Amino acid sequence: MLVVLMGPPGAGKGTQAEKITKEFALLHISTGDILRAAVKEKTPLGIKAKEYMDRGALVPDELIINIMKDRLAKPDCAGGALLDGFPRTVEQAEALENVLTDLNMELDAVINVDVSADELIDRLTGRRVCRSCGTTYHLKFNPPRVRSICDHCSGGLYQRSDDTVDTVKERLEVYGKQTLPLIEYYQRKNLYFAVDGSRPIDEVFEDISAYLQERKEE
Ligand code: ADP
Ligand code: ADP
Ligand code: ZN
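Okay, so let's go over this structure. (Residues numbered from 1 in each chain as written. Chains lettered and ligands numbered in written order. Predicted model: local features only at pLDDT ≥ 70, side-chain atom pairs only at ≥ 80, totals over all residues. Heavy atoms only, no water.)

## Some thoughts on the packing of aromatic side chains
Piece 1. Considering all chains together, one arrives at 2 aromatic pairs under this definition.
Piece 2. Both rings, one in Y185 and one in Y186, keep their centres 5.1 Å apart while their planes meet at 85°; by these two values the pair is edge-to-face.
Piece 3. Judged by relative accessible area, Y185 falls into the buried class, the value being 8%.
Piece 4. Judged by relative accessible area, which is 2%, Y186 ranks as buried.
Piece 5. Residues F193 and Y211 carry aromatic rings whose centres are separated by 4.1 Å and whose planes lie at 5° to one another, so their mutual orientation is stacked. (Phe/Tyr/Trp six-rings, centres within 6.5 Å; stacked < 30°, edge-to-face > 60°. Buried < 20%, exposed > 50% of the residue type's maximum accessible area, 1.4 Å probe, protein only.)

## Looking at the side chain of T21
Piece 1. Tracing the chain through its elements places T21 in helix 1 (residues 13-24).
Piece 2. Within polar-contact distance, the side chain of T21 engages the backbone oxygen of E18 at 3.2 Å.
Piece 3. With near-sequence residues (within four places) excluded, T21 lies in contact with L26, L27, H28 and L82. (Helix = DSSP H or I, 4+ residues; strand = E, 2+ residues; numbered from the N terminus. Polar contact = N/O pair within 3.5 Å; in protein donor to acceptor, adjacent residues only side chain to side chain. Contact = heavy atoms within 4.5 Å.)

## Things to note about helix 1
Piece 1. Taking 1.5 Å per residue, 12 residues should reach 16 Å; helix 1 reaches 16 Å between its end C-alpha atoms and fits that length.
Piece 2. The complete set of buried residues in helix 1 reads K13, Q16, A17, I20, T21 and F24. The buried residues of helix 1 occupy an angular sector of 130° when the element is viewed end-on, so they sit on one face.
Piece 3. On the buried face of helix 1, the contacting elements are strand 1 (2-6), strand 2 (27-30), strand 3 (81-84) and helix 9 (201-217). (Expected span 1.5 Å × (residues − 1). Arc of directions from axis to C-beta.)

## Here we look at the site of ligand 1
Piece 1. Around ligand 1, 19 residues are found, and the nearest of them are K13, T15, R127, Y137 and R199.
Piece 2. Here an oxygen atom of ligand 1 sits 2.9 Å away from a polar atom, N or O, in the main chain of G14.
Piece 3. In the environment of ligand 1, a nitrogen atom lies 3.3 Å from a nitrogen or oxygen atom belonging to the side chain of R123.
Piece 4. Its free accessible area being 570 Å², ligand 1 has 93% of it covered by the protein chains. (Near = heavy atom within 4 Å. Areas by Shrake-Rupley, 256 points an atom, 1.4 Å probe, with all protein chains shown as cover.)

Worth remembering: the numbers are spatial, not functional.
In structure tokens form, the structure reads like this:
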């Protein structure tokens, strides 16, 4: 099964992706994670991507499309994958279609996690991430058992440099302009499923899980 998970910054894509990939045995491919790893290693891609990410802009389509082209061609994707944070523009969606056609693959579902802008600001500014294993927490809504320590690996938690109020506002604006048109794009195909992401994490997951179970059985 090949699934796209979309939604504004902070909607809970990463949080849901962790659960979905576990339940449906899918590979988790997050463009944000790929880019942050490249930034950390200071690869040519990372150096280029950093200037965009720091100011809350999208990395240029061409760059991200090439990354995904290579990633999807790897044999481990044949068992099924969840694309988290890609596509984010109509141009990326069109490129994805071409890549999948070349690889003889097909999209099975596009899930959009929907949350209001006010709530997104609270979610993003309170987000904390484990430095070792990448698990995401929230200071108020999803705190670790012990303050600043990861439940899974005891790693330390940090705040992403783009999760400050100003950068978050910019990212939400970019989302509205560049990513929102994708909803209509996918609504026209029969793959689109919107879920109300303002509810508790487990409730959101239940809806997604039920929908994917249906698609899987088709
Ligand atoms: P995204 O990958 O879409 O940017 P995350 O999964 O990182 O979003 O979630 C953003 C923040 O909101 C995190 O701190 C996470 O713990 C928290 N969060 C995720 N889902 C919910 C939810 N349903 N209710 C409250 N907080 C949530
Ligand atoms: P979130 O969903 O919380 O905004 P991500 O971790 O998915 O964050 O992305 C972080 C940043 O990485 C984005 O603000 C953007 O600069 C870049 N990025 C991630 N995915 C894409 C993409 N598909 N196209 C362009 N830029 C991307
Ligand atoms: Zn951890």
